[in-house]
Structure formats: structure tokens, C-alpha cells
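Results of the structural survey
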Amino acid sequence: MDPVDTDPLDPAAAPRPPKLLEQLRTHLRTRHYSIRTEQAYIDWARRFILYHNKRHPSEMGGDEVGAFLSHLAVDRQVSASTQNQAKAALLYLYKQVLGVDLPWLDEVVQAKRPRRLPVVLTPGEVRELMLHVEGVAGLIAQLLYGTGMRLMEGVRLRVKDVEFSRREIVVREGKGNKDRVTVLPENLIAPLQAQLNRARALHEKDLAAGLGRVHLPHALAVKYPDADRSWAWQWVFPSPVRSVDPRPDARTGQALERRHHVFPESVQRAVREAARVAGIDKPVTPHVLRHSFATHLLQAGYDIRTVQELLGHADVSTTMIYTHVLNKGGRGILSPLDAL
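A brief report on the enclosed structure follows. (Residues numbered from 1 in each chain as written. Predicted model: local features only at pLDDT ≥ 70, side-chain atom pairs only at ≥ 80, totals over all residues. Heavy atoms only, no water.)

Quick word on the overall build of the protein chain
When its secondary structure is counted, the protein chain shows 13 helices and 5 strands. For the protein chain, the exposed area adds up to about 20100 Å²; of that, 53% sits on carbon and sulfur atoms. (Helix = DSSP H or I, 4+ residues; strand = E, 2+ residues; numbered from the N terminus. Areas by Shrake-Rupley, 256 points an atom, 1.4 Å probe, with all protein chains shown as cover.)

Considerations on the sheet that holds strand S3 (residues 180-183)
Strand order across the open sheet formed by 3 strands is S1-S2-S3, with antiparallel pairing between neighbours. Every interior strand has two partners, whereas the edge strands, strand S1 (162-163) and S3, have only one. When strand S2 (residues 168-171) meets S3, the two strands line up antiparallel, connected through 4 bridges. Paired with Val-170 across the bridge in S3 is Val-181. (Pairing = 2+ DSSP bridges.)

Quick look at the pairing of S2
In S2, alternate side chains face the same way, and those of Glu-168 and Val-170 on one face and Ile-169 and Val-171 on the other are all buried. Summarising the sheet, S1 and S2 pair through 2 bridges and their orientation is antiparallel. Within the sheet, the bridge partner assigned to Val-162 lies in S2 and is Ile-169. In this antiparallel pair of consecutive strands, S1 and S2, the connection spans 4 residues, and Arg-167 shows a positive phi of 55°. (Buried < 20%, exposed > 50% of the residue type's maximum accessible area, 1.4 Å probe, protein only.)

A few points about the side chain of Glu-64
Mapped onto the fold, Glu-64 is located in helix H3 (residues 62-75). We classify Glu-64 as buried; its relative accessible area is 17%. For Glu-64, the residues in contact, after removing those within four places along its chain, are Phe-48, His-52 and Arg-55. (Contact = heavy atoms within 4.5 Å.)

Some words on the pattern of salt bridges
The full count for this structure, using the stated rule, is 20 salt bridges. Across the pair Glu-125 and Lys-282 runs a salt bridge whose closest N-O atoms are separated by 2.9 Å. Residue Glu-125 is located in helix H5 (residues 123-131), and its partner Lys-282 is located in the loop between helix H10 (264-278) and helix H11 (286-299); the two are separated by 157 residues in the primary sequence. The exposure class of Lys-282 is partly exposed, given its relative accessible area of 30%. Among the ionic pairs, Asp-161 bridges to Lys-160, the shortest N-O distance being 3.1 Å. Among the residues examined, Asp-161 registers a relative accessible area of 3% and is labelled buried. (Salt bridge = Lys/Arg side-chain N within 4 Å of Asp/Glu carboxyl O.)

Quick notes on the packing of aromatic side chains
Counted according to the given criterion, the structure contains 7 aromatic pairs. On the numbers, 5.4 Å between centres and 75° between planes, the contact of Tyr-33 with Tyr-92 is edge-to-face. Of this pair, Tyr-33 sits in the loop between helix H1 (20-30) and helix H2 (35-51) while Tyr-92 sits in helix H4 (residues 80-97); the two residues are 59 residues apart in sequence, bridging distant segments of the chain. On the accessibility criterion, Tyr-33 (36% relative accessible area) is partly exposed. By the ring-pair criterion, three or more aromatic residues cluster together here, those being Trp-44, Phe-48, Tyr-51, Phe-68 and Tyr-94. (Phe/Tyr/Trp six-rings, centres within 6.5 Å; stacked < 30°, edge-to-face > 60°.)

What is shown is where atoms sit, not what they do.
Structure, rendered in C-alpha cells:
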């Protein structure tokens with residue numbers, strides 16, 4: 001039987017426009033937002049739509065956005081930062097994707113983030129913690145405490161950014177999309193070199209299987225076709241398993257099987273469990289190691305500007321929060337009870 005001819009002008013034969021969430025995803029990728037921001041914004045947009053019984057956002061406005069944010073704060077009791085992230089996601093959806101003017105958005109309440117003092121471990125607690133974190137997670141935990149890096153900066157570290165001869169680590173695209181240089185601890189040189197040997201063996205195994213292409217930022221894979229196979233661009237902490245990258249290949253547009261870096265959640269779980277086993281009665285996360293790094297440097301006499309640069313803070317006032325533990329006791333005063 002002859003195939004049925006289709007009229008190219010027939011609206012039914014035209015391809016369907018992408019759905020709203022797919023438009024949001026494409027818009028975020030076009031502007032080089034990180035994969036984690038992309039996932040978070042899409043999730044908030046989806047939850048907003050489901051909360052209002054699957055109504056299209058173009059049919060809603062300030063009242064619906066305010067109701068959703070109030071639901072998060074009152075019913076779900078989320079933190080101020082979580083509520084503000086949801087607001088930022090909806091602002092992006094309306095203003096950038098739908099092209100809707102938002103004069104009413106100024107009336108939506110912005111949650112005020114409380115000023116909290118960071119959790120800081122003592123040097124003794126850090127030593128106990130490190131004794132109970134093993135393997136790759138343990139090495140990453142030592143790296144975070146020894147360099148002041150954030151968790152995602154640590155797991156995303158690439159081979160080319162570890163400078164053994166200069167005893168430094170280059171942090172690429174940190175918070176605010178800024179690069180900076182931090183110290184490479186002497187005690188981590190040998191463990192990191194051993195980790196690189198293991199990572200290289202995995203990379204050579206992938207190359208032998210016709211794989212080994214790592215994700216490169218900003219379409220560098222198009223400009224330098226073989227760079228994603230090179231050893232210099234590989235992760236220092238590669239995942240033990242391969243998976244399909246949710247982002248298509250920059251050259252072919254096809255989904256590729258890659259070896260990603262280790263999951264940050266695995267490091268978080270290992271640190272929490274180590275703190276429990278070590279009997280540390282504080283809420284310990286990998287980010288606490290960054291707080292401890294900054295505080296211990298200040299206690300050792302390093303000036304606050306140096307610590308600011310190592311942490312990558314844009315404003316020294318952000319670094320000043322770590323001075324809260326520098327004095328003995330509560331701001332260095334003698335309690336009247338101790339004078340009795």
C-alpha cells in the first residue's frame with residue numbers, strides 16, 4: 001500500500017512545541033547554568049504547577065506565587081534559603097521563559113535569612129572525625145579541611161588543577177563562577193598521587209572500551225575535539241560506575257555514556273556516619289570542615305584577608321563571621337560567676 005501523503009502545511013503534521021518544563025531546561029542550558037541549578041529550578045516549577053492543580057503558569061500571577069511560597073513556609077516549614085530559591089526559580093520561569101512582566105512580584109514577600117554562627121570543630125574533633133572516614137570519601141574530607149574548598153568544588157576537581165610542584169590547587173568556577181587558588185597540604189600530596197594513579201587506571205580502561213569522554217564546560221569539546229579524552233581534563237575523584245550524561249554531547253547532540261565524578265551525597269553520608277561513630281555531638285557536614293579550616297587559620301595567626309582569598313569570599317565581612325571563636329570564652333570576658 002502506498003504511503004499516505006502528508007501536507008506540510010497541515011497544522012496536525014507540524015511538530016509539537018516543547019512543553020514548558022523542557023523550554024525552561026533549554027533556556028537554562030543556553031545560558032550555561034549549572035546542572036544542579038537546572039534540576040532545582042525545574043523541580044520548583046513542577047511543584048508550583050502541581051500545587052495549583054496543573055494550571056499553566058501563564059494563567060496565574062502574584063496571588064498564586066504568594067500562596068505557594070506561603071505553603072512552603074507555613075505548611076512545609078522550609079528554611080528561608082529554600083523559600084527564596086523557590087521564588088528565584090519562579091521569577092526565572094515567568095520573566096525569562098514566559099516573558100511575562102512581573103510588577104506584582106515585588107509584592108511577594110522575600111524570606112529574611114537569619115544570621116547563624118557556623119558550626120566549627122575543634123582540632124581534636126577533626127582528628128577523631130578523620131579517623132572514621134575511609135576511602136575516597138575520607139580523602140575528600142581531608143581535602144575540604146586542608147584547603148577550605150566547598151564539597152562540590154572538591155568532587156569536581158580535575159587533574160590539571162592540582163599543582164604538586166607549586167603546592168597549590170586551582171578551584172575553577174567556584175561559587176559565583178569565580179576561580180581562585182588555595183593551598184595544597186603537604187600531608188595530602190602522597191594520598192592524592194595514589195588517587196590519581198587509580199583514576200588513571202580507570203580512565204585507560206574506559207579508553208580501551210571506546211569511552212573515556214569527560215564532560216567539558218562551555219562547549220570546549222567543540223573547540224578542542226580530543227580534549228575530553230585527555231588525562232588532564234579527567235576528574236580526580238571519578239565515579240566507580242559509568243552513567244548516561246543527561247546533557248547531550250556538544251558536538252553530536254547525542255547522549256553519551258560517561259564516568260562522572262563521585263556523588264557528593266556519598267561524601268555527606270560518610271561524614272555524618274563518621275561523626276556519629278566518633279561521638280561528636282554537633283551537626284557535622286562536609287561544609288563544617290570548610291568552617292573549621294577558616295577558623296583554625298585565624299586562630300593560628302593568619303590575617304583575615306589571606307583567609308578571605310583562600311575561601312573565595314567577595315566581601316571580607318563574610319569572612320569576619322569566623323572571628324566569633326577566636327577569643328577565649330564568650331568574647332573573651334570573665335564571667336562574674338567565675339570571680340566568686
